[in-house]
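# Summary of the model geometry
Each chain, written out:
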Amino acid sequence: MSKPEVSIVIPLYNEEDVFTELIERLTKLIDSFHKKIEVILVDDGSTDSTALLIRELALKDERFQSIILSRNFGHQIALSAGLRQISATEAVFIIDADLQDPPELLQQFYKLYEEGYDVVYAIRKNRKEGVLKKLAYATFYRIMDKISFVHIPLDAGDFSLISARMAKLLNEMPEESRYLRGMRSWLGFKQIGVEYDRAKRISGESKYSLKKLLQLAFNGIFNFSEFPIKLITNLGLLTILSSLGYLFYVLAKKLIYGNVPEGFTGLLFVLVLFGGIQMLSLGLIGEYVLRIFFQIKQRPLFVIREKIKNKKVEE
Ligand code: UDP
Ligand code: MG
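Residues numbered from 1 in each chain as written. Chains lettered and ligands numbered in written order. Predicted model: local features only at pLDDT ≥ 70, side-chain atom pairs only at ≥ 80, totals over all residues.

Glancing now at the sheet that holds strand β7 (residues 191-197). Taking strand neighbours across the sheet as the criterion, the nine strands line up as β7-β5-β6-β4-β1-β2-β3-β8-β9 in an open arrangement whose pairing is mixed. Only two strands of the sheet have a single partner each, and these edge strands are β7 and β9 (312-314). Geometrically, the sheet is characterised by an average inter-axis angle of 20 degrees between neighbouring strands, direction not taken into account. Note that strand β1 (residues 6-12) and strand β2 (residues 37-43) share seven bridges and pair parallel. Bridge assignment links V6 to a residue of β2, and that residue is I37. Contacts from helix α2 (residues 50-60) reach β1, β2, β3 (64-69) and β8 (304-309), with the element oriented near 145 degrees to β3. Running at roughly 55 degrees to strand β6 (residues 156-163), helix α4 (residues 106-114) makes contact with β4 (91-94), β5 (119-126), β6 and β7 of the sheet. (Pairing = 2+ DSSP bridges. Helix = DSSP H or I, 4+ residues; strand = E, 2+ residues; numbered from the N terminus. Axes fitted to C-alpha atoms, helices over the stretch in contact; angles between N-to-C directions. Contact = placed C-beta atoms within 7 Å.)

Set out below in structure tokens:
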């Protein structure tokens, strides 16, 4: 059997509500596309019927592969698990299950791939989310842009078409706390953004809890920036300088006026403030240490419970 030119990788976590429509849209896309496509559906430890649906589909249609993870590992890891399974010779299309990212954009993205781009990423022109969430996202991406080592495009998520060689390189990066959009930027090559309107989720709720979202943001910040540590250093220097300044001020006052009344409240305030700065600093250092700790363990990124390829169950 010939290898597919394009792989589509989709992580799914409790997506039974969107499944039917997703597969319909994908099947239409596969039928109309001029290259051979394989779809890799990764179940990220769903507690609803998603895994069963994926399994059933992969057993009857060889264009779909089923990867069932042993538990919920989170979106970035599920995506990484899918990327490790691809056999595409040309490009890999990464989309969400909830159809917020229209699969039909593959046509347009693929054209750019043919023009020589290794990464075609989607830029969200419009988000159909709450005002607060939108503001939080916008702020995060703008801060990230200011502080990261590499330029990570604004308002671009994981929705993208990447070349097979790019996917291979991503698979060779063993880092444990994964921020794929950052890793993708770090890899370089020719990259281009395409604007699109991000639709609403067709059904169900966001599977990104606030906790997961914060985790993703932290992975972005601590893996792609040394700003927090630099901040501590500068804050420390500033603190020392200002305390020295204060010392000279008090000494001068004493020399000129003789007596200096000492304020107890001022002392307490300074004490608490610096206690806080110290704790914050320790916490920030802890973030990096934590990442070193996880990285040196070299655990596998994920564990697969079952894999179905070409309608056959593999271990
Ligand atoms: N997802 C996943 N594991 C998780 C959370 C989410 O595989 O722990 C999948 C989810 O099924 C969807 C994609 O990641 O296909 C993006 O999640 P979601 O749409 O909930 O995020 P949002 O669009 O709200 O940022
Ligand atoms: Mg979504």
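There's more to say after this.
β2 sits mainly inside the fold: six of its seven residues count as buried. Of the pairings in the sheet, the one linking β2 to β3 comprises five bridges and is parallel in character. The residue of β3 that forms the bridge with D43 is I68. The β-α-β motif built from β2, the intervening α2 and the parallel element β3 has right-handed crossover chirality. (Buried ≥ 20, exposed ≤ 12 C-beta atoms within 10 Å, placed from the backbone. Right-handed = clockwise from strand over helix to strand, strands pointing away.)

Close to ligand 1 lie 18 residues; P11, Y13, A97, S206 and K207 are nearest. Contributing elements (two or more residues each) for the shell around ligand 1: β1 and α3 (75-83). The residue inventory of the shell around ligand 1, partitioned by class, reads six nonpolar, five polar and seven charged. (Near = placed C-beta within 6 Å. Nonpolar A, V, L, I, M, F, W, Y, C, P; charged D, E, K, R; others polar.)

Looking now at the domain arrangement of the protein chain. Much of the literature gives interface size as the accessible area that the parts lose upon coming together. Entries for the protein chain in the domain assignment read domain 1 (6-205 + 301-314) and domain 2 (227-296). Distance from the C-alpha centre of domain 1 to the C-alpha centre of domain 2: 45 Å. Each partner contributes to the interface: domain 1 provides four residues, whereas domain 2 provides four residues. A breakdown of the residues in the side of domain 1 that touches domain 2 according to their chemical character gives one nonpolar, one polar and two charged. (Domains from an automatic or database assignment.)

Turning our eyes to something else, we now look at the pairing of β1. Where a strand is regular, its side chains alternate between the two sheet faces. Of all seven residues that make up β1, seven are buried, and the element is covered over most of its length. Where burial is concerned, the two faces of β1 agree: the one with V6, I8, I10 and L12 and the one with S7, V9 and P11 are both buried. A crossover connection joins β1 to the parallel β2 through helix α1 (residues 16-32); in handedness this β-α-β unit is right-handed. In this structure, β1 lies alongside β4, joined through four bridges in parallel fashion. Its bridge partner lying in β4, S7 is registered against V92.

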